[in-house]
Amino acid sequence: MNTNTVDVKMLSRMFLSGAKNLEAKKEWINELNVFPVPDGDTGTNMTLTIMSAASEVSALSDPTMKTLAKAISSGSLRGARGNSGVILSQLLRGFTRVIEKADKVDAPTFARAFEKGVETAYKAVMKPKEGTILTVARGAAEKAMEIAEDCENLENFFADVIAEAEAVLARTPEMLPVLKEAGVVDSGGQGLLEVLKGAFDGYLGKEIDLTFEKPKSGVSVKPVSAEESDIKFGYCTEFIIMLEKEFPEKEEHAFKEYLMSIGDSLVVVADDEIVKVHVHTNDPGQAIQKALTYGQLSNMKIDNMRLEHHEKVIKEAEKMAAQQAAQEPAKEVGFISVSVGDGMGQIFRELGADYLIEGGQTMNPSTEDVLQAIAHVNADNIFIFPNNKNIILAANQARDLTEDKNIIVIPTKTIPQGITALISYVPDKTVEQNTEEMMEAMKHVKTGQITYAVRDTKIDDKEIRQGDIMGIGDHGMLAVGKEIEDTAVATVQEMADEDCEIISIYYGSDVTAEDAEQLAARLEELYPDFDVELNEGGQPIYYYVVSVE
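Residues numbered from 1 in each chain as written. Predicted model: local features only at pLDDT ≥ 70, side-chain atom pairs only at ≥ 80, totals over all residues. Heavy atoms only, no water.

A.B. asks: What is the right way to look at the sheet that holds strand β10 (residues 406–409) in this model?
C.D. replies: Paired through their backbone hydrogen bonds, the strands of a sheet run either parallel or antiparallel. An order of β8-β7-β9-β10 is seen for the 4 strands of this open sheet, with the pairing classed as parallel. Because the sheet does not close on itself, it has two edges, and the strands there are β8 (355–358) and β10. Averaged over all neighbouring strand pairs, the angle between strand axes comes to 20 degrees, with direction disregarded. Relative to β8, strand β7 (residues 331–339) runs parallel, the two being bridged by 4 bridges. Paired with Val 338 across the strands is Ile 357, a residue of β8. Along the sheet, helix α15 (residues 367–376) contacts β7, β8, β9 (379–385) and β10; its crossing angle with β8, the most-contacted strand, is approximately 165 degrees. (Pairing = 2+ DSSP bridges. Helix = DSSP H or I, 4+ residues; strand = E, 2+ residues; numbered from the N terminus. Axes fitted to C-alpha atoms, helices over the stretch in contact; angles between N-to-C directions. Contact = heavy atoms within 4.5 Å.)

This is the structure we're talking about:
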């Protein structure tokens, strides 16, 4: 296609094509993440971010460049999830600030838009790291600025910019040793590259399905209606096993019997290479872990049927709460916490949290989710505890979009840090004093999370095999083993030192109370001078979350 400019219709098509290509590659991008943990990740976060914008773009009947820019910017900002999603939203935000002023977009305008996007994204990150999506974006923008003035047609321009983005992405393992050790390129950079490639396909006129639906929100309000007890097994769990060994009828029968012991509504369809599985269960992690003994998994999907079943009830409750809050005078201070698991949620409620955003590691809440929570808390000053390093940027973005309340984001990276920070709050002190003391208190908390590996890799000089149990600390891999309890103990041993006094254990939905008590007893024996606290967390995916302080 030999053209020098792009009109609003073509630019809209290019954006939607980029979003579609990212959606198609999201699982592959998830697999590029350094830590082989079984939860929502870069590909998912970036896809949900751009899909939020794509749904707004699709709703435009007769767009202008200005309305298109607003749909892309607003949709991605509010839908942003995870660090990679927030950075993508900031890239798009800067990009749209340039193109919204143009009637048609030529190569120099594209180049300035790329440059503005990179500038905006770098400003949003407190400590930018090279070897990430930011580096890939900057490399593409610099190439665009270099060739834009001499560009004879946009097809060559786009091809050269994408080629440079690919070259920079290939160099990311040399910039971040952890990528090189794991043998992967940066997943966020790969996601950005897929957006650019998809946009180019749209420009070239390739046939692409450009229909979109707005992603569902990750927010839920606790307590949930008592009606949920009518559903015996709450999680609709689906996945495909890519078989790595023989799966005879006897083995298939045993697998089905196991799944029926933990759920119902079972469908298992097997051939020589794959097994398709559908089951309703209260413990998706057990079904997934059993399936991993047969091979790798793909097309994983877990839906909370109780939340879907009561979506109308929840929305009505939220509406009533908002109306009631609007009629009452605002209190001075309120608290919002990200949480996952009934036990964790109960702990935060008992500590005074006004609103819980359910999500955390298994589904990063979006900026819009945080904004909705802010709207429901009737307070002049609101503390937010993200409790996950991948949610802090979204919380900051929600803070920056809020004008009528003072929002303070305490950058807690784990749930134990959030609990300690909230415990540190003293009502008689000022907001500023409490902020300072919360920030100080969270620094003294070390956290370890015990889960299983979904693929082979190498991290921090530790060889990890699929199915191994991992203890992941604040700054890397602490322990790898074959047994859950042994790995949990080894993780604590890596964290504990003579300055520590308390060990807190939060056991997940896939751990029995008896097993948790056994772990606590073992740690009490190893550390007789420590207080060992045992709590039911109820979190999925992670057998234990342990903290030492």
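A.B. asks: Is there a simple way to think about the nonpolar core in this case?
C.D. replies: Of all hydrophobic cores here, the largest spans 104 residues; its most connected members are Phe 15, Phe 110, Phe 157 and Phe 383. If we skip the residues at most four places from it in the chain, Phe 157 touches Ala 107, Phe 110, Ala 111, Phe 114, Ala 144, Ile 147, Ala 148 and Cys 151. Counting 40 residues, the second-largest nonpolar core is a separate cluster that includes Leu 259, Ile 288, Tyr 452 and Ile 503. (Core = buried A, V, L, I, M, F, W, Y, C linked by side-chain atoms within 4.5 Å. Buried < 20%, exposed > 50% of the residue type's maximum accessible area, 1.4 Å probe, protein only.)

A.B. asks: For this particular structure, what's the right way to read the packing of helix α3 (residues 65–79) against helix α4 (residues 82–99)?
C.D. replies: Helix-helix packing is characterised by the crossing angle of the two axes and by the distance between the axes. Two numbers describe how α3 lies on α4: the axes approach to 9 Å, and their chain directions differ by 165 degrees. The angle between α3 and α4 places the two elements in the roughly antiparallel class. Where α3 crosses over α4, the handedness of that crossing is left-handed. Across from Met 65, Ala 69, Ile 72, Ser 73, Ser 76 and Leu 77 in α3, the residues of α4 making contact are Ser 89, Gln 90, Leu 92, Arg 93, Thr 96 and Ile 99. Across the contact of α3 with α4, the residue classes tally to 6 nonpolar, 5 polar and 1 charged. (Parallel < 35°, antiparallel > 145°, perpendicular 65-115°, else oblique. Left-handed = near helix turned anticlockwise from the far one by under 90°. Nonpolar A, V, L, I, M, F, W, Y, C, P; charged D, E, K, R; others polar.)

A.B. asks: When you look at the packing of α4 against helix α5 (residues 107–124) in this model, what are you seeing that I'm missing?
C.D. replies: Running from amino to carboxyl end, α4 crosses α5 at an angle of 140 degrees, the nearest separation of the two axes being 7 Å. Relative to α5, the element α4 lies oblique. In this structure, α4 crosses over α5, and the sense of that crossing is right-handed. Contacts from Ile 87, Gln 90, Leu 91, Arg 93, Gly 94, Phe 95, Arg 97, Val 98 and Ile 99 in α4 reach Thr 109, Phe 110, Arg 112, Ala 113, Phe 114, Lys 116, Gly 117, Val 118, Thr 120, Ala 121 and Ala 124 in α5. Split by residue class, the contact of α4 with α5 holds 11 nonpolar, 5 polar and 4 charged.

A.B. asks: Quick question: what am I supposed to make of helix α6 (residues 133–147) here?
C.D. replies: Note that an α-helix has 3.6 residues per turn; residues three or four places apart therefore point the same way. For α6, spanning 15 residues, the distance from its first C-alpha to its last is 22 Å, which sits close to the expected 21 Å at 1.5 Å a residue. Restricting attention to buried positions, one finds in α6 the residues Ile 133, Leu 134, Thr 135, Val 136, Ala 137, Gly 139, Ala 140, Ala 141, Ala 144 and Ile 147. (Expected span 1.5 Å × (residues − 1).)

A.B. asks: Would you mind going over unusual backbone geometry with me for this structure?
C.D. replies: At Asp 461, a residue that is not glycine, the phi angle is positive and equals roughly 65 degrees. Of note in this structure, Ile 541 is not a glycine but carries a positive phi near 70 degrees. Mapping Ile 541 onto the fold places it in the loop between β17 (531–536) and β18 (544–548). On the accessibility criterion, Ile 541 (8% relative accessible area) is buried.

A.B. asks: Could you clarify how one ought to interpret empty space enclosed by the protein in this entry?
C.D. replies: Empty space among the atoms can be located by rolling a probe the size of a water molecule over them. Within the structure shown, the criterion is met by 1 cavity of 30 Å³ or more. Counted as a void, the largest cavity has a volume near 470 Å³. Around the largest cavity, the lining comprises 25 residues; the ones closest to its centre are Leu 92, Phe 95, Phe 114, Val 195 and Leu 196. Counting residues per element, the ones that place at least two in the lining of the largest cavity are α1 (8–30), α4, α5, α6, α7 (154–175) and α9 (187–204). In terms of residue class, the lining of the largest cavity is built from 23 nonpolar, 2 polar and no charged. (1 Å grid on protein atoms, 1.4 Å probe; cavity = no way out; pocket = protein on both sides within 12 Å on 5 of 7 lines; lining within 4 Å. Points joined across faces, edges and corners; volume = space filled by probe spheres on them.)

A.B. asks: How should the pattern of salt bridges be read in this particular structure?
C.D. replies: Where side chains of opposite charge bring their charged atoms close, a pairing between them can arise. This model, assessed by the stated rule, comprises 23 salt bridges. The residue Asp 468 makes a salt bridge to Lys 482 at a minimum N-O spacing of 2.6 Å. With Asp 468 in the loop between β13 (462–464) and β14 (469–472) and Lys 482 in the loop between β15 (477–481) and α19 (484–495), this pair connects stretches of sequence that are 14 residues apart. Residue Asp 468 is classed as buried on the basis of its relative accessible area, which comes to 5%. Judged by relative accessible area, which is 63%, Lys 482 ranks as exposed. Where salt bridges share partners, they join Lys 116, Glu 119 and Lys 123 into one cluster. (Salt bridge = Lys/Arg side-chain N within 4 Å of Asp/Glu carboxyl O.)

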